[in-house]
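One letter stands for each residue in the lines below.
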Amino acid sequence: MKTLSLPPLFAPTPRAFGNGLTLTTKCFPKQLHFNSPCLVFSTHSTSATLSVESQVETKQVFDGDKASLLVSELRKNFDSGKTKSYEWRISQLESIANMLVEKEEQIIDALVKDLSKPRNEAYITEIFQVKSSCNETLQELKHWMKPEKVSTSITTFPSSAEIVSEPLGVVLIISTWNFPFSLSLDPIIGAIAAGNTVVLKPSEISPAVSSLLANLLATYLDNSAVRVVEGAVPETTALLEQKWDKILYTGSARVGRIVMAAAAKHLTPVILELGGKCPAVVDSNINLQVTARRIIAGKWACNSGQACISVDYIITRKDFAPTLITALKEELEQFFGKDPIESKDMSRIVSPTQFARLVRLLDDDKASDKIVLGGQRDEKKLKIAPTILLDVPEEAMVMQEEIFGPILPIITVDNIEDSFSIIKSRPKPLAAYLFTNNEQLKKDYVDKISSGGMLINDAVVHVATRGLPFGGVGESGMGAYHGKFSFDGFSHKKAVLYKGFGSDPSIRYPPYTPEKVKLLRAILDGSIFHIILALLGWSK
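Conventions adopted
- Residues numbered from 1 in each chain as written.
- Predicted model: local features only at pLDDT ≥ 70, side-chain atom pairs only at ≥ 80, totals over all residues.
- Heavy atoms only, no water.
- Pairing = 2+ DSSP bridges.
- Helix = DSSP H or I, 4+ residues; strand = E, 2+ residues; numbered from the N terminus.
- Axes fitted to C-alpha atoms, helices over the stretch in contact; angles between N-to-C directions.
- Contact = heavy atoms within 4.5 Å.
- Phe/Tyr/Trp six-rings, centres within 6.5 Å; stacked < 30°, edge-to-face > 60°.
- Buried < 20%, exposed > 50% of the residue type's maximum accessible area, 1.4 Å probe, protein only.
- Lys NZ or Arg CZ within 6 Å of the ring centre and 35° of its normal.
- UniProt positions renumbered as here; feature names shortened; annotations may be inferred.
- 1 Å grid on protein atoms, 1.4 Å probe; cavity = no way out; pocket = protein on both sides within 12 Å on 5 of 7 lines; lining within 4 Å.
- Core = buried A, V, L, I, M, F, W, Y, C linked by side-chain atoms within 4.5 Å.
- Points joined across faces, edges and corners; volume = space filled by probe spheres on them.
- Nonpolar A, V, L, I, M, F, W, Y, C, P; charged D, E, K, R; others polar.
- Polar contact = N/O pair within 3.5 Å; in protein donor to acceptor, adjacent residues only side chain to side chain.

### What to know about the sheet that holds strand β13 (residues 313–317)
The sheet built from seven strands is open, its strands ordered β14-β17-β18-β13-β12-β19-β20 with mixed pairing. The sheet is open, and its two borders are formed by β14 (371–373) and β20 (453–456), each paired with just one other strand. Between one strand and the next, the sheet's axes are offset by a mean angle of 25 degrees, whatever the strand orientation. Against the sheet, helix α11 (residues 352–363) engages β14, β17 (387–390) and β18 (407–413), with an angle of about 35 degrees to β18. Of the strands in this sheet, β12 (279–282), β19 (431–435) and β20 are in contact with helix α13 (residues 439–448), which crosses β19 at around 170 degrees.

Okay, here's the thing in structure tokens:
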């Protein structure tokens, strides 16, 4: 089997696939598939050992051959035409809606297990988001599926034209671990709505949700059209070797390049949601308490900063920074108490690997003396207190990569307009935020700053707004989804022109006499006066 050069690029980084655990696979001819806590990993030696205290289900390793067979099965089922019907699409969407109601507690339990997400946060950011997407699609699907009428020109008269949305075929969705449920189900809703067959590869870094998704989708959805492949790098590699009709990947920019390179071999179109360093510019002309609370909600109360649209750093005026820090400190204590590590309202860091990476950012020589709030960490609980750094130098690691955690640098400038050049010197972010009452500053920010999405005087909540696309630009991604944009993203917009046999003017056919040329040019120019002159045999 051919393999992509994935392992070196799948080292522990924000939202990469792997979790840093390496097994000596030559010792194990079969892969173990389990939900039992009785399976114990031991990594004290160079090769991992397994202790099995109860019967464990085994299955064949998912390799390139099995991936190819899976895609062939799904393509055959797609070609049968059943996924194209409105009735099939609606039935699958209704099943998802039922699943969200019937299995709500199981979904929340899995999110708590993987990320220690507060139950209310898990419901709002994961289950409710999917419910909203599913309900909108159920309401609007018939309208979305209708051909879009298009005006025709005199050159094709008489005729009619339309744009037909047709499903692409077999699509691959590779989701990530930070919002493992919503970032898996939301694209699936769009792919099903568009009439495709789907393979979901959930993240192995959130194993409880991955296992639950495999079980729930097998129970609630049509397995001849929707399948889940669990696993890590080998399984993802095997999937990426196949020819797909579309790939949607959510994760790091580094792995996004691998996905795009694999897709390019088959000329497969991609939607890449890759994140980046999302700035928040804070003017002094604001409601300070509301601003502080909304920044906290868009940073620490949003999966402990482990979100691609989380506020990554703040830019504000030097003389206003102490005031802003004081307000953030007061509101953080209101939200999470004096010891935020003990708070049940903050998610933990997803894994020891990610925890260690964040600690390295804090302990960097260029950043460690810039901490003005927080910095406490508990390795056993995988928690880091909300941490603010002031005026970290540009070369510090925390300013060189997407933080993806509860660390927030504040950069100061003399004039708030100076923030524009700082943001523009970096790759285009997935989201950009501005807090101000200055109307001209709002206009300038929208006009001059390029980002996937933008929000004025709040953070994060723009992704829950119906009618707005969600996607990146430049290194923060390409393509968009959510709602109608998901339907469009997984559809081909086919141009169709209808003509009858009743009109067949000879001017379009040789021989091209001078009279024909005059009339044809007059028609192409669209001038009624010149058409009349040509018909009368007169020159212009």
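### Things to note about the packing of aromatic side chains
Considering all chains together, one arrives at six aromatic pairs under this definition. Between Trp 177 and Phe 404, the ring centres sit 5.5 Å apart and the planes meet at 85 degrees, which makes this aromatic pair edge-to-face. One end of the pair, Trp 177, is in the loop between β7 (170–174) and α5 (182–193); the other, Phe 404, is in the loop between β17 and β18, and 227 residues separate them in sequence. Judged by its relative accessible area of 2%, Phe 404 falls in the buried class. With 6.0 Å between their ring centres and 80 degrees between their planes, Phe 335 and Phe 336 make a pair best called edge-to-face. The class for Phe 335 is partly exposed, based on a relative accessible area of 25%. Classification of Phe 336 by relative accessible area gives buried; the value is 7%. The ring of Tyr 313 is capped by Arg 426, whose NZ or CZ atom sits 5.3 Å from the centre of that ring.

### Here's the deal with the sheet that holds strand β11 (residues 270–273)
Pairing is mixed in the open sheet, where six strands are placed in the order β9-β8-β7-β10-β11-β22. If you trace the sheet from one side to the other, it starts and ends with β9 (226–228) and β22 (477–478), each paired once. Where β7 meets strand β8 (residues 197–201), five bridges bridge the pair, whose relative direction is parallel. Bridging from a neighbouring strand, Ile 174 pairs with Lys 201 of β8. Against the sheet, helix α1 (residues 64–79) makes contact with β7, β8 and β9, and its axis sits at roughly 150 degrees relative to β8, the strand it touches most.

### A closer look at the UniProt feature "active site" (unreviewed entry) in the protein
Feature annotation in UniProt places "active site" (unreviewed entry) on Glu 273 and Cys 308, given in this structure's numbering. In summary, the annotated positions, though distributed over 36 residues, converge in three dimensions, the widest C-alpha pair being only 8.6 Å. Lining the second largest pocket, out of the annotated residues just given, are Glu 273 and Cys 308. As for its placement among the helices and strands, Glu 273 is situated in strand β11. A relative accessible area of 7% means that Cys 308 is categorised as buried.

### Examining the nonpolar core
The biggest cluster of nonpolar side chains holds 86 residues, and the ones touching the most others in it are Ile 96, Phe 181, Ile 314 and Tyr 433. Discounting chain neighbours no more than four positions away, the residues touching Ile 96 are Cys 134, Leu 185, Ile 188, Ile 189, Ile 192 and Leu 221. Counting 29 residues, the second largest nonpolar core, distinct from the first, contains Val 281, Ile 411, Ile 416 and Ala 432.

### Regarding the layout of surface pockets
Taken as a whole, the second largest pocket encloses approximately 660 Å³ of empty space. In terms of lining, the second largest pocket is formed by 28 residues, of which the most central are Ile 124, Thr 125, Phe 179, Cys 302 and Val 460. Secondary structure elements with two or more residues in the lining of the second largest pocket: α4 (119–145) and α5. Per-element accounting of the lining of the second largest pocket gives the leading share, five residues, to α4. Its residues assigned to classes, the lining of the second largest pocket comprises 18 nonpolar, six polar and four charged.

### Thoughts on the environment of Lys 493
Looking at where Lys 493 falls in the secondary structure, it is placed in strand β24 (residues 491–499). On the accessibility criterion, Lys 493 (36% relative accessible area) is partly exposed. Between the C-alpha atom of Lys 493 and that of Pro 147, which follows or precedes it by 346 residues, the distance is 9.4 Å. Side-chain polar atoms of Lys 493 contact the side chain of Ser 165, separated by 2.6 Å. At a separation of 2.7 Å, a polar atom in the side chain of Lys 493 contacts the side chain of Asp 488.

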